Amino acid sequence: MAAAGSGSRSLPAAAARLGRSMAAAPAARLESVRAVTGLLREAQPRETAEESIFQDLLKILTKALNEIEQAYKDSCELLDLDTCLLLVAECFRCLRNACVECAKNQDVMRNLGLITTSVRLIKLLDGIQIKEEPLLTAFRCSLQFLGNIAAGNRDSQNSIWKCAFPDLFLTCLTYSDEKIVAYCCMVLFTCLNSEKVRELLDPENLTVALRVLKVYKEQLESEWSVTFLELIMSKVSEKNSVTSEEMNVFMRIADFLASCFRDKCEAVLKLTSAADAEDEVTNGLWAAFWEYLMQSCVLDGLVLFPLYEVSKSCWLLGTPYSTEALVTVRLLDVLCEMTSNNGQLEHLQASPGLLETAIDILRLTHLAGKQAVNIFTATHAMTGQEEISHPAVGFKSHLIRLIGNLCYKSKGNQDKVYELDGIPLILDNCSIDDNNPFVNQWAVYAIRNLTEQNERNQELIARMEEKGLADNSVLEHMGLEIEKQDDKLLLRSVRKKPL
């Protein structure tokens, strides 16, 4: 076993060999870089690394860039560049390792111009038609480096965004290699903040935004999908006025999200089996999370992306919760926000199948909660002190909210809910439920929107009460009562009774 600090003592010697290898053959340089890469896996050598190491790596990358450009320009046999590409990949591994939890190294590299050089190299690699493994490995490692230099470093994030957005991101998101697409997603999310989300959703960048959305539709099992939905919702929730062009972008996004929800919503039923497992994994949560990410994100060495910047929802990925189910939960949240905006409401009210899907999944979750005790089972703790922590808390409330929104001043959707037997379903979900805060209030809202200027829906509820299928006390708590007019049973609003 090596003595403590041996890595930091060995680094100067390895750095010196790296410097001497600059004039040596590519194979000798490759071995020198590999030696430094291995040492920089440890924290202490990273912290003591001299700027000269990164200067030498920049020289190697710049020389490789020039060689590849010349070979590509002269249509040389690219197989002759295999060693060059291996050297590029190893340089990026070395830089990637040096960035881990070391702001000093991140700043030095950025100031040396390594971000700009990396972006130039990525664009060059993309232009090479023969996609063999040495090229793909270099491409992947370059993106891993950008992810690590941006981790927790706002200046690096801004520098990458300035160099890479929108062209480079679009290039990588459309690449044929799944790992390159995945690493590009990580870099993108590392750099995103509310200001950059606004830029991403700008009408001029619609192609990029829609490509990002397409990637996440294809990779909804990815934890980055959850983060992306969080960022979209933060933008949707803004009260600032938007231009007609921005509204068109939102409508395109709304169509996409509605289609995702229609296709994937039943994944939320997977959460019924995770309820009992939650307490068992709490103590080992972070260990499981790190293990998962190391298995899914590491190509052939240490890769540390800015996990602490991932949204709180992604923190649950260390538990047995299905990521696809978490995405479904966040999709519903975003759709609720979008349908609360008058400009987007009318568009989504006409979205094919969205209302039907909301009713269907409400029915399925309601049935699942009745068949066994799980997160979809209505509960009411008399003390009111216990707080329930589960990603699906409030899911049925939000479904009812979405249904209510979609029926607002929409006779067609009111009638559709009637035809789908959605009204009895909503009435059966209006009691106090600790797993669904405010479900009673959202049920009241939905019933009001369903019955506004709709005598058939009013009469249905009235006849349900008359036959004992609807609890009159529940209707009273909702601020409604039955009134008979000309042999018709109608609902009318009254002062709401306290619960």
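See the structure shown above.
Keep in mind the model is a prediction, meaning the values are calculated, not measured.

Conventions we followed
- Residues numbered from 1 in each chain as written.
- Predicted model: local features only at pLDDT ≥ 70, side-chain atom pairs only at ≥ 80, totals over all residues.
- Heavy atoms only, no water.
- Axes fitted to C-alpha atoms, helices over the stretch in contact; angles between N-to-C directions.
- Helix = DSSP H or I, 4+ residues; strand = E, 2+ residues; numbered from the N terminus.
- Parallel < 35°, antiparallel > 145°, perpendicular 65-115°, else oblique.
- Left-handed = near helix turned anticlockwise from the far one by under 90°.
- Contact = heavy atoms within 4.5 Å.
- Nonpolar A, V, L, I, M, F, W, Y, C, P; charged D, E, K, R; others polar.
- Buried < 20%, exposed > 50% of the residue type's maximum accessible area, 1.4 Å probe, protein only.
- Salt bridge = Lys/Arg side-chain N within 4 Å of Asp/Glu carboxyl O.

### With respect to the packing of helix α7 (residues 114-127) against helix α8 (residues 133-150)
So, step 1. The N-to-C vectors of α7 and α8 enclose an angle of 150°; their axes lie 10 Å apart at closest approach. Viewed along their axes, α7 and α8 adopt a mutual orientation that is roughly antiparallel. For α7 against α8, the interelement crossing comes out left-handed. Facing α7, whose interface residues are Leu-114, Ile-115, Ser-118, Ile-122, Leu-125 and Asp-126, α8 presents Leu-135, Ala-138, Phe-139, Ser-142, Leu-143, Phe-145, Leu-146 and Ile-149.
So, step 2. Here the contact of α7 with α8 is built from residues that sort into 11 nonpolar, two polar and one charged.

### Quick word on the packing of helix α2 (residues 26-39) against helix α5 (residues 82-99)
So, step 1. Taken N-terminus to C-terminus, the directions of α2 and α5 make an angle of 20°; their axes are 9 Å apart at the nearest point. By the criterion of interaxial angle, the relationship of α2 to α5 is roughly parallel. The way α2 lies across α5 gives a crossing that is left-handed. Residue-level inspection shows Pro-26, Ala-27, Arg-29, Leu-30, Val-33, Arg-34, Val-36 and Thr-37 of α2 in contact with α5, the latter providing Thr-83, Leu-86, Leu-87, Glu-90, Cys-91, Arg-93, Cys-94 and Asn-97.
So, step 2. Residue composition of the contact of α2 with α5, grouped by class: nine nonpolar, three polar and four charged.

### Examining the environment of Ala-258
So, step 1. Mapping Ala-258 onto the fold places it in helix α15 (residues 244-264).
So, step 2. Classification of Ala-258 by relative accessible area gives buried; the value is 0%.
So, step 3. Each C-alpha atom, one on Ala-258 and one on Thr-357, is 9.6 Å from the other, the two residues being 99 residues apart in sequence.
So, step 4. Leave out the neighbours within four places in its chain, and Ala-258 touches Leu-335, Leu-348, Ser-351 and Leu-354.

### Some points on the pattern of salt bridges
So, step 1. Overall, the coordinates contain 18 salt bridges when judged by the stated rule.
So, step 2. Where Arg-110 meets Asp-155, a salt bridge forms, and the shortest distance between an N and an O atom there is 3.9 Å. Of this pair, Arg-110 sits in helix α6 (residues 103-112) while Asp-155 is found in helix α9 (residues 154-164), placing the two residues 45 residues apart along the sequence.
So, step 3. Overall, Arg-110 belongs to the buried group, its relative accessible area being 16%.
So, step 4. For Asp-155, a relative accessible area of 47% gives the class partly exposed.
So, step 5. A salt bridge links Glu-459 to Arg-463; its shortest N-O distance comes to 2.8 Å. Note that Glu-459 and Arg-463 are positioned in helix α25 (residues 455-466) at a spacing of four residues, about one turn of the helix.
So, step 6. Where salt bridges share partners, they join Glu-31, Arg-34, Glu-90 and Arg-93 into one cluster.

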